[in-house]
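Secondary and tertiary structure notes
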Amino acid sequence: MVEQAQDFFRESFYNDPAVVAYAPGRIEFVGNHTDYNGGKVLGIAIQQGIYCALSYRNDRKVLGVSLDGEPTFTSSLDDLETLSEDGHWSRYPLGVVWAIQKKGIKLERGFNLAIFSNLPMGAGLSSSAALELSIAYAVLADEKHGFSKKDLVKICMYAENNYVGVPCGILDQGVSGFGREDQLVYIDCKTESFSNVGIPQGTHFWIFNSNTQHSLTDSLYSERFSECAEGLKVAEGFRPGIECLADFPLSKLDSLADHLSRKIYKRVKHVLYENQRVNDVARHLLSDSVDLRTIGNFLYDSHESSRNLFDNSTKELDFLVSHLREIKSVYGARLTGGGFGGAVMAWTSIDFKKSDAAIISKLYEAAFDHPPRILHCKSGDGVHLI
Ligand code: ADP
Ligand code: MG
């Protein structure tokens, strides 16, 4: 893979890259929409990711190419306030550079960058965060300016929120940054602290991408974000001093019922129970005798909560979860990522085979006229220079 990234760079810019950085995609294991509510989340960095090969220039231009059919772009370190058109991938590299400079670092030299990826875009595996982090590591390879990994995770999230314009929480960049092989990443999104928790041996991750995405996904995501903020405002009246929705005690949830619309109450209920589930799953994972079925049931509960309370599931995702649930080698399954389409994650034993995935695929195709995209994922390391 690295060689392919280097070759692509040479073909594009007729010299060798000075550096190659890599950042992985991620799976949200449990913790749906808890991140921007100051809650907890557990994720897995996977072995598919993005390579950014880069060389420095003697002028201030920024040139980017990607092998994924995305259009080449030319920009300049002096022209970052002029946004490229909405949806253009240059927003990610330019946003990262913009966010670095917002921290008071003046980058002197422009660069050429070539992106090589084996991570599907828009498949709920956070190719955007992988792209941002691989670029941040490559751009700062020769001079880190004192930034820690956590700083860079936050810079990338800032870029995605404020330059690209997507209000994501810290899950995506945090897991792509702090992933480790055979480990989950546990994030306390309020304190922004990251730690690793071992993945039970012999368990596997499968992604079933529904290949459907609501056309309003971005605005629906923003709507949920605002609904949670609305819930927090009322919750603050009952618990002055709470900093985020996840701070509100679950035991006092009932007291909010008469003061919130039914819709907002459902959102709040989801966030508080989901946050508790993440803690429960982490506790079970850390216990001496890990009970995989119990953890799996938390994953199913998480899906039900997304479906009934957060209203971010779809009939396709529900279909996948309900059929996966019938297979014995599946411990748990749930929608993963923002929802409104996208993907389901199944957590399985080694006995779950390609043939099982094929059965699900057939059933799905019969119901929806197109097959899901299926990916068997292994856990892998977070962002690093090659
Ligand atoms: P996700 O993060 O779930 O994959 P997003 O919509 O957040 O989906 O990010 C996908 C966007 O990231 C793409 O539309 C594209 O702009 C950019 N992107 C991801 N991978 C690449 C790549 N290999 N080359 C260029 N742009 C990419
Ligand atoms: Mg993304």
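To be clear, the structure that these remarks concern was listed above.
Residues numbered from 1 in each chain as written. Chains lettered and ligands numbered in written order. Predicted model: local features only at pLDDT ≥ 70, side-chain atom pairs only at ≥ 80, totals over all residues. Heavy atoms only, no water.

Concerning the pattern of salt bridges
One side chain can pair with another of opposite charge once the charged atoms of both are near each other. Where we set the bar: By definition, a salt bridge exists where a carboxyl oxygen of Asp or Glu is found within 4 Å of a side-chain nitrogen of Lys or Arg. Strands are runs of DSSP state E lasting at least 2 residues, helices are runs of H or I lasting at least 4, and numbering of each runs from the N terminus. Note on exposure labels: buried denotes an accessible area under 20% of the residue type's maximum, exposed denotes more than 50%, and partly exposed covers the range between, all computed with a 1.4 Å probe on protein chains only.
Considering all chains together, one arrives at 21 salt bridges under this definition. Close ionic contact of D7 with R10 constitutes a salt bridge, the shortest N to O distance being 2.8 Å. Linking D7 with R10, this pair stays in helix α1 (residues 2-13), spanning three residues, or about one helical turn. Residue class for R10 comes out partly exposed when judged on its relative accessible area of 34%. The residue D280 makes a salt bridge to R283 at a minimum N-O spacing of 2.7 Å. Separated by three residues within a single helix, D280 and R283 lie in helix α7 (residues 262-286), roughly one turn from each other. Among the residues examined, D280 registers a relative accessible area of 14% and is labelled buried.

Considerations on the environment of G339
Where we set the bar: The contact criterion used throughout is that any non-hydrogen atoms of two residues lie within 4.5 Å.
By the secondary structure assignment, G339 is in the loop between β9 (330-336) and β10 (341-349). Expressed as a C-alpha distance, the spacing of G339 and D258, which sit 81 residues apart in the sequence, is 28 Å. With residues up to four places along the chain from it excluded, the contact list for G339 reads Q213, T217 and N312.

With respect to the layout of surface pockets
This is how the line gets drawn: Detection works on a 1 Å grid of protein atoms alone, calling trapped sets that fit a 1.4 Å probe cavities and calling open sets with protein on both sides within 12 Å along at least five of seven lines pockets, with lining residues defined by an atom within 4 Å of a point. Grid points are joined across faces, edges and corners, and a volume is the space filled by probe spheres set on the points. In this classification, Asp, Glu, Lys and Arg are treated as charged, Ala, Val, Leu, Ile, Met, Phe, Trp, Tyr, Cys and Pro as nonpolar, and every other residue, Gly included, as polar. Segment limits for the domains were obtained from an automatic or database-derived domain assignment.
What the largest pocket holds in volume is close to 1200 Å³. Lining the largest pocket are 50 residues; nearest its centre among them are Y92, G122, S128, E160 and D218. Of all the secondary structure elements, the ones that give two or more residues to the lining of the largest pocket are β1 (19-30), α2 (91-102), β5 (111-117), α3 (127-139), α4 (149-164), α5 (171-178), α6 (217-238) and β10. Taken together, the residues that form the lining of the largest pocket break down as 16 nonpolar, 24 polar and 10 charged. Formed jointly, the lining of the largest pocket draws a minimum of three residues from each of two domains, domain 1 (2-198) and domain 2 (203-377).

As for the environment of G38
Secondary-structure assignment places G38 in the loop between β1 and β2 (40-56). Given a relative accessible area of 14%, G38 falls into the buried group. As a C-alpha pair, G38 and N58 span 20 residues in sequence and 43 Å in three-dimensional space. Among all residues touching G38, those that are not within four sequence positions of it are D188, C189, K190, C244 and A246.

Considerations on the packing of α2 against α4
To keep it simple, the criterion reads: Throughout, an axis means a line fitted to C-alpha atoms (over the contacting stretch in the case of helices), and angles, computed between N-to-C directions, take values from 0 to 180 degrees. Each angle is binned into one of four classes, with values under 35 degrees roughly parallel, values over 145 roughly antiparallel, values of 65 to 115 roughly perpendicular, and all other values oblique. The hand of a helix crossing depends on one turn: near helix anticlockwise from the far one by less than a right angle means left-handed, and clockwise means right-handed.
With their axes 8 Å apart at the nearest point, α2 and α4 run at an angle of 115° to one another. In this view, α2 runs roughly perpendicular relative to α4, as classed from their interaxial angle. Read as a crossing pair, α2 and α4 show a hand that is right-handed. Each of R91, Y92, L94, G95, V96, W98, A99, I100 and K102 in α2 lies in contact with α4, whose residues at this interface are I155, C156, Y158, A159, E160, N162, Y163 and V164. When grouped by side-chain class, the residues that make up the contact of α2 with α4 number 12 nonpolar, two polar and three charged.

Examining the site of ligand 1
Rule in force here: If even one non-hydrogen atom of a residue comes within 4 Å of a molecule or strand, that residue is called near it. Within 3.5 Å is the distance limit for a polar contact, defined as a pair of N or O atoms, with the added protein rule that one can donate a hydrogen and the other accept it, and that residues adjacent in sequence qualify only through two side-chain atoms.
Surveying the vicinity of ligand 1 reveals 16 residues, the closest of which are S66, D68, G122, S127 and S128. A distance of 2.6 Å separates a nitrogen atom of ligand 1 from a polar side-chain atom of D68. For ligand 1, an oxygen atom lies 2.6 Å from a polar atom in the side chain of S127. Counting only elements with at least two residues in the shell around ligand 1, the list comes to β5 and α3. Looking at the shell around ligand 1 element by element, the count peaks at three residues for α3. Classifying every residue of the shell around ligand 1 by side-chain character gives seven nonpolar, seven polar and two charged.

Considering unusual backbone geometry
Phi is mostly negative for residues that are not glycine, and the peptide bonds are mostly trans. Its identity as a non-glycine residue notwithstanding, Y14 has a phi of 60°, on the positive side. In this fold, Y14 is placed in the loop between α1 and β1. The backbone of N211 sits at a positive phi, close to 60°, despite the residue not being glycine. By relative accessible area, which is 36% here, N211 ends up partly exposed.

Considerations on the sheet that holds strand β11 (residues 373-377)
Just so we agree on the cut-off: A pair of strands counts as paired when DSSP detects no fewer than two bridges linking them.
Spatially, the four strands line up as an open sheet ordered β9-β10-β8-β11, and their pairing is antiparallel. The sheet is open, and its two borders are formed by β9 and β11, each paired with just one other strand. In this sheet, neighbouring strand axes are inclined to one another by 20° on average, regardless of whether the strands run parallel or antiparallel. Looking at chain direction, strand β8 (residues 203-213) and β10 are connected through eight bridges and run antiparallel. Bridge pairing in β10 places T203 opposite S349. Those strands touched by helix α9 (residues 315-324) are β8, β9 and β10, and its axis lies near 10° from that of β10.

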